[in-house]
Amino acid sequence: MHIPLDRDSAQPLYQQIEAFLRQGILSGSLPPETRLPSGRQLAKNLGVNRITVERAYAELEADGLTYALMGSGTYTLPPPSPLPALTENPPAPWPLWQQELLHGDEVSEPLVPEALLHPAEHPDAISFDGGTGDPLLFPVQEFRKTLQEVLHCDGCSALEYGDSRGYAPLRTTIAQVLTSQGLRANPDHILITSGSQQSIALVAQLLLGPGDVVLVENPTYSGALDLFRSMKLRIVGIPMDKHGLQVEELEKLLQQHHPRLIYTMPNFHNPTGICLSTPRRRQVLALAERYNVPILEDDFVGDLRYEGRVQPALKALDPDGSVIYMSTFSKMLMPGLRIGFVLAEGPIYERLVRCKRVNDLASSNLMQHALAVYVTIGRYQTHQRRSCRVYRKRRDAMVTALARYLPQQIRFSVPQGGLFLWLRLPDGTSSEYVLAAACEEGVAFMPGTHFFLNRAQGEPYLRLSFATQTPSAIEEGIQRLSQALGRCMARPS
Ligand SMILES: Cc1ncc(COP(=O)(O)O)c(C=O)c1O
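So, a few notes on the structure that sits alongside this text. Bear in mind that the values here come from a model prediction, so they are computed numbers and not experimental data.

### Thoughts on empty space enclosed by the protein
So, point 1. Tallying each qualifying case throughout the model produces three cavities of 30 Å³ or more.
So, point 2. Roughly 170 Å³ of volume is contained in the largest cavity.
So, point 3. Along its surface, the largest cavity is lined by 18 residues, and Asp303, Ser327, Thr328, Phe341 and Tyr380 are the ones closest to its centre.
So, point 4. Taken together, the elements giving at least two residues each to the lining of the largest cavity come down to α7 (168–180) and β11 (323–328).
So, point 5. When residues in the lining of the largest cavity are grouped by element, the largest group, four residues, is from α7.
So, point 6. Its residues placed into classes, the lining of the largest cavity shows eleven nonpolar, five polar and two charged.

Below is the structure:
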């Protein structure tokens, strides 16, 4: 075999040999099962070192173009057939099982204002549709240092699989934070999860099966609705008023539906921002005990209180393990950490740990190590105070702008904390319709339809997140919203 080699070229000789053979295999001039000369033979022919030829052969083998047979030699393989391009509409129809997946998905289509709010058309778009704190306030530099420190000091153990219950020092810190907030929290009752969404999923997976009833506030967090729908649960809504879920209604629903779980957000409820009043908290607990139903308490932003008295968590009022409490670092720190936790006592704890193990073995050990270093109780409280200061100002800016620019028929109340303002539009005005107009003006929000069991019930509502925009952007965004509303209210849907 003759391979032309350019000894003055910057390309190493082994690459020239490899390229020549590769070309032969791909073009078919070296058909499959052709035996290549031995390394020693080819090296001699070409006047190169044997290692040079063997390196070229190794590259070809690694790319699946040749194979070596012990004691026999190196043989060519058929060239790989080009992969068909992935298109939405393949030339042949999808297999039947794939076609079945095109129908009957219970999870709501994500409402993607980004699709409407095309960044190219609106480079200065203002988004009130988020559900987290402001990414510009994430403690990126400090966290970078923490990660470096962790990798430097205990890199190997941080990169191993961790304990399914979660990294013990982090559980201890969480227990300290919770204790400082009036909860009796023992690190051995804390399970670290990959965010609250997983906490809800684990509890639901453990306690409920298809057809079982779960009670939720109506409206409620859309991620929980999607999850429960995907599990084919029967979701029953508890009506709310300005003091939170209505307890008389809850009792009727308990009698009527025999639910297996009550999922609730007593603090700064998503989407309404309402806090469940303290007397109602006690009544809800008493009912859950009487009807033997566990409560899943989602305290996703309980720490973001801007004024008013702190109310006790349901868990803090629960003497006998009826309440499974959960929270997350997504809102107070950074959602990309994917770290949340559950606090639960009794047999449920061990069952949840097992459920966690079978789902994903454990949450990211590296992130847990970093958080355990980053979140000392002092630092957490400093960060919390700073977040509250910033978000309170933004809430006030939004309230002022709403009062100044929006028509008076639009009603809202001022939440004492959290991330959201919940607006009620005049009857006959649809928030989805307003969203389309708002996106044209360069502002986005979450329409109320996203949060109700029956989407139509959410038509006159919309959720605005005030946390991610500066006061001046908030004022500008609300002016744009007012333009959009002006157009839509003049032409009710
Ligand atoms: C009420 C509520 N619970 C849970 C979650 C999920 O949060 P995580 O990022 O911890 O999974 C969210 C996220 O928006 C939420 O709003």
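### Comments concerning unusual backbone geometry
So, point 1. With an omega of 15°, the peptide bond between asparagine 218 and proline 219 qualifies as cis.
So, point 2. Residue proline 271 is bonded to the preceding asparagine 270 through a cis peptide linkage, with omega at 20°.
So, point 3. Assignment of secondary structure puts proline 271 in the loop between β9 (261–264) and α11 (278–290).
So, point 4. Of note in the backbone geometry, glutamate 33 takes a positive phi value of approximately 70° without being a glycine.
So, point 5. Note on placement: glutamate 33 falls in the loop between α1 (13–27) and β1 (35–36).
So, point 6. Under the relative-accessibility criterion, glutamate 33 is labelled partly exposed at 48%.
So, point 7. You will see that leucine 361, though not glycine, has its phi angle at about 65°, which is positive.

### Side note on the nonpolar core
So, point 1. Ranked by size, the top nonpolar core spans 100 residues in total, and within it Phe228, Phe329, Leu464 and Ile478 carry the most contacts.
So, point 2. Here this core takes eight residues from helix α14 (residues 377–405), the largest share from any one element.
So, point 3. In terms of nonpolar packing, the next biggest core, distinct from the first, is built from 20 residues, Ile238, Leu245, Leu254 and Leu317 among them.

### With respect to the pattern of salt bridges
So, point 1. Tallied over the full model, the rule gives 24 salt bridges.
So, point 2. The residue aspartate 318 makes a salt bridge to lysine 315 at a minimum N-O spacing of 3.6 Å. Side by side, aspartate 318 and lysine 315 carry an identical accessibility label, which is buried.
So, point 3. Taking the shortest distance from any N to any O, the salt bridge between glutamate 441 and arginine 487 comes out at 2.7 Å.

### Looking at the sheet that holds strand β17 (residues 461–465)
So, point 1. Strand order in the open sheet formed by four strands is β13-β14-β17-β16, and the pairing between neighbours is antiparallel. Only two strands of the sheet have a single partner each, and these edge strands are β13 (411–412) and β16 (446–447).
So, point 2. Here β13 pairs with strand β14 (residues 420–424) via two bridges, running antiparallel. In the strand pairing of β14, phenylalanine 412 is matched with leucine 423.
So, point 3. Across the face of the sheet, α14 comes into contact with β13, β14 and β17 while running at roughly 20° to β14.

### Thoughts on a positive patch on the surface
So, point 1. A surface patch of like charges, here positive, comprises Arg385, Arg386, Arg389 and Lys393.
So, point 2. Along the chain, arginine 385 turns up in helix α14.

### Notes on the pairing of strand β10 (residues 295–298)
For a regular strand, side chains alternate in direction, first toward one face of the sheet and then toward the other.
So, point 1. What you see with β10 is no split at all: Ile295 and Glu297 on one side and Leu296 and Asp298 on the other are buried throughout.
So, point 2. Examined bridge by bridge, β9 and β10 share three bridges and lie parallel to one another. By the bridge assignment, threonine 264 is partnered in β10 with glutamate 297.

### Concerning the side chain of glutamine 368
So, point 1. Topologically, glutamine 368 is positioned in helix α13 (residues 365–374).
So, point 2. For glutamine 368, a relative accessible area of 1% corresponds to the buried category.
So, point 3. A polar side-chain atom of glutamine 368 sits 2.7 Å from the main-chain amide nitrogen of tyrosine 167.
So, point 4. The residues touching glutamine 368, leaving out its near neighbours within four places in the chain, are Gly166, Tyr167, Leu170, Ile192, Ile339 and Ser363.

### Description of the environment of alanine 58
So, point 1. As for its position among the elements, alanine 58 is in helix α3 (residues 50–62).
So, point 2. Taking the C-alpha atoms as reference, alanine 58 lies 71 Å from histidine 243; in sequence the two are 185 residues apart.

### Concerning the layout of surface pockets
So, point 1. A volume near 400 Å³ is recorded for the second largest pocket.
So, point 2. The set of elements that each furnish at least two residues to the lining of the second largest pocket consists of β7 (234–241), β13 and β14.
So, point 3. Counting residues per element, the lining of the second largest pocket draws most heavily on β7, which supplies three residues.
So, point 4. Taken together, the residues of the lining of the second largest pocket break down into eight nonpolar, four polar and four charged.

### Let's talk about the packing of aromatic side chains
So, point 1. Inspection of every chain in the model, using the stated rule, returns ten aromatic pairs.
So, point 2. Ring geometry for phenylalanine 143 versus tyrosine 374: centroids 5.9 Å apart, planes at 75°, classification edge-to-face. Of this pair, phenylalanine 143 sits in helix α6 (residues 140–158) while tyrosine 374 sits in helix α13, placing them 231 residues apart in sequence. You'll find phenylalanine 143 and tyrosine 374 in the same group, each marked buried.

### Thoughts on the site of the ligand
So, point 1. Around the ligand sit 13 residues, and of these Ser196, Asp298, Thr328, Ser330 and Lys331 come closest.
So, point 2. At 2.6 Å, a side-chain N or O of aspartate 298 approaches a nitrogen atom of the ligand.
So, point 3. Between the ligand and the protein, one listed contact pairs an oxygen atom with a side-chain N or O atom of serine 330 at 2.6 Å.
So, point 4. Burial of the ligand by the protein amounts to 91% of the accessible area it has alone, namely 400 Å².

### A short note on the packing of α6 against α13
So, point 1. Their axes nearest at 9 Å, the elements α6 and α13 cross at an angle of 120°. Taken together, the axes of α6 and α13 are oblique relative to one another. In the packing of α6 onto α13, the handedness of the crossing is right-handed. Along the contact surface, α6 presents Glu142, Phe143, Thr146, Leu147, Glu149, Val150, Leu151, Asp154, Ser157 and Ala158, while α13 presents Asn365, Leu366, Met367, His369, Ala370, Val373 and Tyr374.
So, point 2. Class assignment of the residues belonging to the contact of α6 with α13 gives a composition of ten nonpolar, four polar and three charged.

Parameters and conventions
Residues numbered from 1 in each chain as written. Predicted model: local features only at pLDDT ≥ 70, side-chain atom pairs only at ≥ 80, totals over all residues. Heavy atoms only, no water. 1 Å grid on protein atoms, 1.4 Å probe; cavity = no way out; pocket = protein on both sides within 12 Å on 5 of 7 lines; lining within 4 Å. Points joined across faces, edges and corners; volume = space filled by probe spheres on them. Helix = DSSP H or I, 4+ residues; strand = E, 2+ residues; numbered from the N terminus. Nonpolar A, V, L, I, M, F, W, Y, C, P; charged D, E, K, R; others polar. Buried < 20%, exposed > 50% of the residue type's maximum accessible area, 1.4 Å probe, protein only. Core = buried A, V, L, I, M, F, W, Y, C linked by side-chain atoms within 4.5 Å. Salt bridge = Lys/Arg side-chain N within 4 Å of Asp/Glu carboxyl O. Pairing = 2+ DSSP bridges. Contact = heavy atoms within 4.5 Å. Axes fitted to C-alpha atoms, helices over the stretch in contact; angles between N-to-C directions. Patch = residues over 30% accessible without salt bridge, like charges linked within 9 Å, V, L, I, M, F, W, Y side chains within 5 Å. Areas by Shrake-Rupley, 256 points an atom, 1.4 Å probe, with all protein chains shown as cover. Lys, Arg positive; Asp, Glu negative; His and termini not counted. Charge placed at Lys NZ, Arg CZ, Asp CG, Glu CD. Polar contact = N/O pair within 3.5 Å; in protein donor to acceptor, adjacent residues only side chain to side chain. Phe/Tyr/Trp six-rings, centres within 6.5 Å; stacked < 30°, edge-to-face > 60°. Near = heavy atom within 4 Å. Parallel < 35°, antiparallel > 145°, perpendicular 65-115°, else oblique. Left-handed = near helix turned anticlockwise from the far one by under 90°.

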